Amino acid sequence: MPDSIIISPVSSNTDNLMLLANLFDKTIILDHVSDSIDTNYVKVNHMRAGYLSAMAMLNKNHKQNLVLAGPVDFPVSNQYIEGIKQAYEEVDLPFHDQMIVHGIPSIENGYKAILDYYKTDGTAKPFTGVIAFCDTLAYGVFKAAAKLNLRIPEDINVIGYDDNPLTVFSAPPLTTIHFPRERVAAHCSEILIAKLVNNEERMKFYSLEPNLVERGSIQTKA
């Protein structure tokens with residue numbers, strides 16, 4: 001048996017997690033909290049990340065935004081989408097699920113989503129912004145924009161999520177939501193020390209907030 005387990009569920013169905021029942025005191029679940037499982041959690045507020053992404057676009061008058069999300073049942077992606085919907089509701093604008101494209105996060109899937117949308121939707125585009133669930137998808141949008149001769153941010157605005165170190169080197173630098181990965185790792189270390197070294201019995205819960213990092217890939221729509 002392992003000394004500890006750190007796991008990030010890829011499905012909203014937590015039944016499989018019950019296989020770890022004998023190790024819950026030394027298990028850390030990332031980003032998905034279940035009321036039925038008493039264990040240690042380190043959670044980033046992905047709903048807040050989606051909210052900040054949408055508000056960044058809406059505040060710059062981009063009301064129609066294409067959302068590139070993760071797989072349909074991916075908990076983190078669903079939390080992110082809920083935050084986007086909250087932002088739209090707050091400014092009293094309708095949000096349509098048809099503007100969500102689900103897929104495995106990758107440069108190629110971000111690229112393909114934009115090209116497919118342009119092929120199926122003719123020449124008149126109802127969106128001026130793309131809200132990407134991760135920076136990798138956003139890089140795919142950059143790649144598609146170059147192929148379609150679209151300028152960022154003049155023709156299309158893009159925002160990502162991660163704050164990958166490479167975002168500052170894109171042209172233009174990518175506006176993104178900072179994911180506090182260093183603090184996630186630090187809290188996981190704290191839990192492991194508490195459990196494996198100090199033999200603490202109490203379960204631990206940490207909740208972290210993301211923040212907007214505005215760069216050059218979004219601008220106010222005239």
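Residues numbered from 1 in each chain as written. Predicted model: local features only at pLDDT ≥ 70, side-chain atom pairs only at ≥ 80, totals over all residues. Heavy atoms only, no water.

Asks: Describe in detail the overall build of the protein chain, supporting the description with residues and values.
Replies: Within the protein chain one finds five helices and ten strands. Taken against the 2.2 N^0.38 rule, which gives 17 Å for 222 residues, the C-alpha radius of gyration of the protein chain at 19 Å falls within 12% of a compact globule. Taken over the C-alpha atoms alone, the protein chain extends approximately 60 × 35 × 30 Å along its principal axes. Each of the 222 residues in the protein chain was classed as buried or not, and the buried ones make up 49%. (Helix = DSSP H or I, 4+ residues; strand = E, 2+ residues; numbered from the N terminus. Rg over C-alpha atoms; globule rule 2.2 N^0.38 Å. Buried < 20%, exposed > 50% of the residue type's maximum accessible area, 1.4 Å probe, protein only.)

Asks: Residues and numbers for a nonpolar patch on the surface, please.
Replies: Where nonpolar side chains cluster on the molecular surface, the patch consists of Leu-166, Val-168 and Phe-169 and spans about 340 Å² of accessible area. Examined against the element boundaries, Leu-166 turns out to sit in the loop between β7 (157-162) and β8 (175-178). (Patch = residues over 30% accessible without salt bridge, like charges linked within 9 Å, V, L, I, M, F, W, Y side chains within 5 Å. Areas by Shrake-Rupley, 256 points an atom, 1.4 Å probe, with all protein chains shown as cover. Salt bridge = Lys/Arg side-chain N within 4 Å of Asp/Glu carboxyl O.)

Asks: Tell me about the pairing of β8, and name the residues and values.
Replies: Pairing geometry for β7 and β8, over four bridges, is parallel. Note that in β8 the partner of Ile-159 across the bridge is Thr-175. Direction of pairing for β8 relative to strand β10 (residues 211-213): antiparallel, over a ladder of three bridges. Bridge assignment links Thr-176 to a residue of β10, and that residue is Val-213. (Pairing = 2+ DSSP bridges.)

Asks: So what's going on with the environment of Leu-115? Residues and values would help.
Replies: Note on placement: Leu-115 falls in helix α3 (residues 107-120). Residue classification places Leu-115 among the buried positions, given a relative accessible area of 12%. Sequence-wise, Leu-115 and Asn-61 are 54 residues apart; in three dimensions their C-alpha atoms are separated by 24 Å.

Asks: Mind laying out the nonpolar core, listing which residues take part and the relevant values?
Replies: One finds Val-42, Leu-66, Ile-84, Phe-127, Val-130, Ile-131 and Val-184 to be the most contacted residues of the largest nonpolar core, which totals 58 residues. If you look at the next biggest cluster of nonpolar residues, it comprises eight residues, including Ile-5, Leu-20, Leu-23 and Ile-37. (Core = buried A, V, L, I, M, F, W, Y, C linked by side-chain atoms within 4.5 Å.)

Asks: Give me the lowdown on the packing of aromatic side chains, citing residues and values where you can.
Replies: One pass over the structure, following the stated rule, counts eight aromatic pairs. Ring centres 6.1 Å apart and planes at 90° place the aromatic pair Phe-74 and Phe-133 in the edge-to-face group. Within this pair, whereas Phe-74 is found in the loop between β4 (65-69) and α2 (75-90), its partner Phe-133 is found in the loop between β6 (129-132) and α4 (135-147), the two being separated by 59 residues in sequence. For the pair shown, Phe-74 and Phe-133 are each scored as buried. Residues Tyr-117 and Phe-127 carry aromatic rings whose centres are separated by 5.3 Å and whose planes lie at 75° to one another, so their mutual orientation is edge-to-face. You can see Tyr-117 sitting in helix α3 and its partner Phe-127 sitting in the loop between α3 and β6, a full ten residues away along the chain. In terms of burial, Tyr-117 and Phe-127 fall into one category: buried. Of the aromatic side chains, those joined through ring pairs into one cluster are Phe-74, Tyr-80, Phe-133, Tyr-161 and Phe-179. (Phe/Tyr/Trp six-rings, centres within 6.5 Å; stacked < 30°, edge-to-face > 60°.)

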